[in-house]
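The residues making up each chain are set out below.
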Amino acid sequence: MSKLTIPKNYSSALNLHDTQLAIKTVKDFFQGMLAQRLSLTRVSAPLFVDPTTGLNDNLNGYERPVTFGILEQGDKEAEVVHSLAKWKRYALKKYGFSLGEGIYTDMNAIRRDEETDNIHSIFVDQWDWEKIIRKEDRNLDFLKETVKTVYKCLRKTEQYMAIQYDYIDLILPKDITFITTSELEEMFPDNTPKEREYYFAKAKGAICVMQIGDKLANGEPHDGRAPDYDDWALNADIIVYYPVLDIALELSSMGIRVDEKALKEQLDKAGCPERAKLPFQKAILNKELPYTIGGGIGQSRICMFFLRKAHIGEVQSSLWPEETIKACEEHGIQLL
């Protein structure tokens, strides 16, 4: 069941035609700056993968990938990607990239089990990026510096869009505030993880929540994280306060990737040590893949944020429940 929030007195500042032009403006500016600041080269990426390779992102472990049989290959099964978190690391080696170099790509996915609302869709579009680092760069200081670089790109984009469109005011603070999931738990012990993010993001404007995936003092993780790409001690989400919907809005999920030690430990903690036998995971354990940092940045999410839209369907084409379509029409929310 879709959950829909209707902001009081909301109306889009742009019609459908001008919204499409503005979406392109946001995407062109942001991805150009991101590629420049992180030394990334644009590459082509798969829409689907062979499930036996272990390359697909299994997200929280319960989401069902979209699958289909390939007629020419005897109905061999393929999976539509959930994300390219693992594929990118493999690609960096295959394509011959060197230390300090990276890649980025348009990642399109279908998440059939997603619960849709104002910021969630079954269609996912993001920039997936990955960069080769040294083993000694696997630390919090390096992670924080990279987060600051991504955040600067977000702030520059907001400033650029405010020049292009008079109705856009600057709301992102100059600096992003870092906090760990354990610190959030100590600060808000009686609240859920999402409530903690909301209260802290509303107070600070922009926050970076680190160390997601492992269990906290209460015995539960802050949020689900697959055990075989991010190092749970070295990952981060960039979250901003979004006044249009009065929510904490995650714009980017990123992290330093697992090395052989972290992978083994996290597979055991997640109760899936058998994944170590898959080709991708085995390559990490055998030190055959480079050490990397990478992440995903939601394309529709940042377009929605910078254009001050009330629903992600205003900046992407997807399928929505009939009741959502009807309610949006009644309240001036123009779905693409």
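Look up: the structure comes first, before these words.
What you see is a predicted model, and the numbers here were worked out from it, not measured in a lab.

Cut-offs used in this document
- Residues numbered from 1 in each chain as written.
- Predicted model: local features only at pLDDT ≥ 70, side-chain atom pairs only at ≥ 80, totals over all residues.
- Heavy atoms only, no water.
- Pairing = 2+ DSSP bridges.
- Helix = DSSP H or I, 4+ residues; strand = E, 2+ residues; numbered from the N terminus.
- Axes fitted to C-alpha atoms, helices over the stretch in contact; angles between N-to-C directions.
- Buried < 20%, exposed > 50% of the residue type's maximum accessible area, 1.4 Å probe, protein only.
- Contact = heavy atoms within 4.5 Å.

### Looking at the pairing of strand β3 (residues 67-70)
Link 1 in the chain: Taken together, the four bridges between β3 and strand β4 (residues 76-80) define a ladder with antiparallel strand orientation. Pairing of Gly 69 across the sheet is with Glu 77, part of β4.
Link 2 in the chain: Counting the residues between successive antiparallel strands, the hairpin from β3 to β4 contains five residues, one of them, Gly 74, with a positive phi of roughly 65°.

### Notes on the sheet that holds strand β8 (residues 206-210)
Link 1 in the chain: Ordered in space as β1-β5-β6-β11-β10-β9-β8-β7, the eight strands form an open sheet in which the pairing is mixed. Of all the strands in the sheet, just β1 (40-42) and β7 (177-180) have a single pairing partner and so form its edges. Neighbour to neighbour, the strand axes of the sheet diverge by 25° on average, direction disregarded.
Link 2 in the chain: In terms of strand pairing, strand β6 (residues 123-132) meets strand β11 (residues 292-298) through seven bridges, oriented antiparallel. Within β11, the residue paired with Trp 127 across the bridge is Ile 297.

### Regarding the environment of Arg 89
Link 1 in the chain: By secondary structure assignment, the location of Arg 89 is in helix α2 (residues 87-94).
Link 2 in the chain: Its relative accessible area of 3% is what places Arg 89 among the buried residues.
Link 3 in the chain: Remark: the alpha-carbon pair of Arg 89 and Gly 294, spanning 205 residues in sequence, is separated by 8.7 Å.
Link 4 in the chain: If near-sequence neighbours (up to four positions away) are discounted, Arg 89 is found in contact with Glu 130, Arg 257, Val 258, Phe 280, Ile 284, Leu 289, Pro 290, Tyr 291 and Thr 292.

Purely geometric numbers; function is a separate question.
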